[in-house]
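Observations on chain architecture
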Amino acid sequence: MPKILDGKWVRGEILNELAPRVQKLTAAKRPPGLAVVLVGDNPASAIYVRNKVQACRELGIHSEKFTPPESVTTAELIALIQQLNARPDLDGILVQMPLPPQVDSQTVIAALSPEKDVDGFHPFNTGALVANRPGPRPCTPAGVIELLRRYGIPLRGKRAVVLGRSDIVGKPMAMMLLHQHATVTICHSNTQDLPGECLRADILVAAIGRAAFVRGSWIRPGATVIDVGINRVTDARLAADLLRNAPDRLAAFHKNGSTLVGDVHPSELEHVYAYTPVPGGVGPLTIAMLMANTVASAERRLGAD
Ligand code: NDP
């Protein structure tokens, strides 16, 4: 039976370890502070922000929400970022993506103070990642590394294949695996023979955003599968195939009309060593790593040991 890599358990461990660090900072100086910028009224973004604010509250991190209107300009957002950069009580600034089309996201990210960039997206921090220097790391791939470490899955000398090359998941994931001494291949939409590339993987990370795209026959026996994808499925025939080994989930699909699946076919994993389920695998780790980046930033800025 494959081992299930439980992201909720890892999240709990990470938050339990952060709690005394937050208490220590609060007792000695002040609580860590996070600014969350939510532009407009994208419902998915509002949910993400709510979950982030809630995580701050549970951990004792001070959070402040800023909600510029959908019509905000790049210049107005940069002015807000500059105010937040100058606030001594704020250690982290998170700008919830995506931003409206009239806003130049890259310019906004570049306006962040790199030391407050708790998403790890500023070009300075991208450079620090590539050079393997300290700094905030993008939260989702950092969470994957934490999960692999806490489950004792070796990376040194292993063949890792990353599907997807986005700036927030695929590219930083590949770089972090490289720093763990894996031999890394990055695949994307122009890759020829994707099944053949996947079959070489000891560690397969799928981050392409396509429901159950990766088939079990593409995965070698004994591999570890990290499924970053989060895809909503509403088609009943597709759900019946994807959940054929999960009758409880299929029953829930028939009740709710939709289900979440990853980028890897969830019913074709019997032969792997370990895998992250969707939901409940990588998903819970992203916010935990955001909290970790915020606490680390506060410690750096307040000079904690
Ligand atoms: P993007 O859409 O930014 O990037 C997708 C990548 O997948 C691109 O590099 C693209 O290639 C590649 N790709 C798309 N289709 C194919 C294909 N048929 N074959 C090979 N490669 C392909 O997505 P993200 O990186 O932002 O997210 C990926 C997934 O991870 C999504 O499902 C997202 O919801 C999920 N996610 C989950 C998070 C979590 O907390 N668990 C956090 C962030 C994302 P190309 O570059 O050539 O276009």
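For the structure itself, look to the data block above.
In this report, the structure presented in the accompanying data block is examined. (Residues numbered from 1 in each chain as written. Predicted model: local features only at pLDDT ≥ 70, side-chain atom pairs only at ≥ 80, totals over all residues. Heavy atoms only, no water.)

**Considering unusual backbone geometry**
Omega for the peptide link from Met97 to Pro98 comes to 0°, which places this bond in the cis form. Topologically, Pro98 is positioned in the loop between β4 (92–95) and α4 (105–111). The omega torsion across Val278 and Pro279 is 0°, close enough to zero to call that bond cis. Relative to the helices and strands, Pro279 is located in the loop between β11 (274–275) and α11 (283–302). With a phi close to 60°, Asn132 is a non-glycine residue in the positive phi region. (Helix = DSSP H or I, 4+ residues; strand = E, 2+ residues; numbered from the N terminus.)

**A few points about the pairing of strand β6 (residues 183–187)**
A regular strand places its side chains on the two faces of the sheet in alternate fashion. Where strand β5 (residues 159–163) meets β6, 5 bridges bridge the pair, whose relative direction is parallel. Directly across from Val161, in β6, lies its bridge partner Thr185. Crossover handedness for the path β5 to helix α7 (residues 170–179) to β6: right-handed. (Pairing = 2+ DSSP bridges. Right-handed = clockwise from strand over helix to strand, strands pointing away.)

**As for the environment of Asn85**
Mapping Asn85 onto the fold places it in helix α3 (residues 74–86). Given the relative accessible area of 21%, Asn85 is considered partly exposed. When the C-alpha positions of Asn85 and Asn125 are compared, they lie 16 Å apart, and in sequence the two are 40 residues distant. (Buried < 20%, exposed > 50% of the residue type's maximum accessible area, 1.4 Å probe, protein only.)

**Structural notes on the packing of aromatic side chains**
One pass over the full model with this rule turns up 2 aromatic pairs. Between Trp9 and Tyr151, the aromatic rings sit 5.3 Å apart at their centres with planes inclined by 65°, giving edge-to-face as the arrangement. One end of the pair, Trp9, is in helix α1 (residues 7–28); the other, Tyr151, is in the loop between α6 (139–150) and β5, with 142 residues separating them in the sequence. Given the relative accessible area of 37%, Trp9 is considered partly exposed. The interplanar angle of 85° and the centroid separation of 5.7 Å between the aromatic rings of Phe213 and Trp218 together place this pair among those described as edge-to-face. What makes Phe213 partly exposed here is its relative accessible area of 35%. Residue classification places Trp218 among the buried residues on the basis of a relative accessible area of 13%. (Phe/Tyr/Trp six-rings, centres within 6.5 Å; stacked < 30°, edge-to-face > 60°.)

**Considerations on the packing of helix α2 (residues 43–59) against α11**
Running from N to C, α2 and α11 point in directions that differ by 55°, and their axes come no closer than 10 Å. Overall, the two elements α2 and α11 adopt an arrangement that is oblique. Every pair of crossing elements has a handedness; the one defined by α2 and α11 is right-handed. Every residue of α11 that contacts α2 at Asn51, Lys52, Ala55, Cys56 and Leu59 is listed here: Ile287, Leu290 and Met291. Broken down by class, the residue content of the contact of α2 with α11 amounts to 6 nonpolar, 1 polar and 1 charged. (Axes fitted to C-alpha atoms, helices over the stretch in contact; angles between N-to-C directions. Parallel < 35°, antiparallel > 145°, perpendicular 65-115°, else oblique. Left-handed = near helix turned anticlockwise from the far one by under 90°. Contact = heavy atoms within 4.5 Å. Nonpolar A, V, L, I, M, F, W, Y, C, P; charged D, E, K, R; others polar.)

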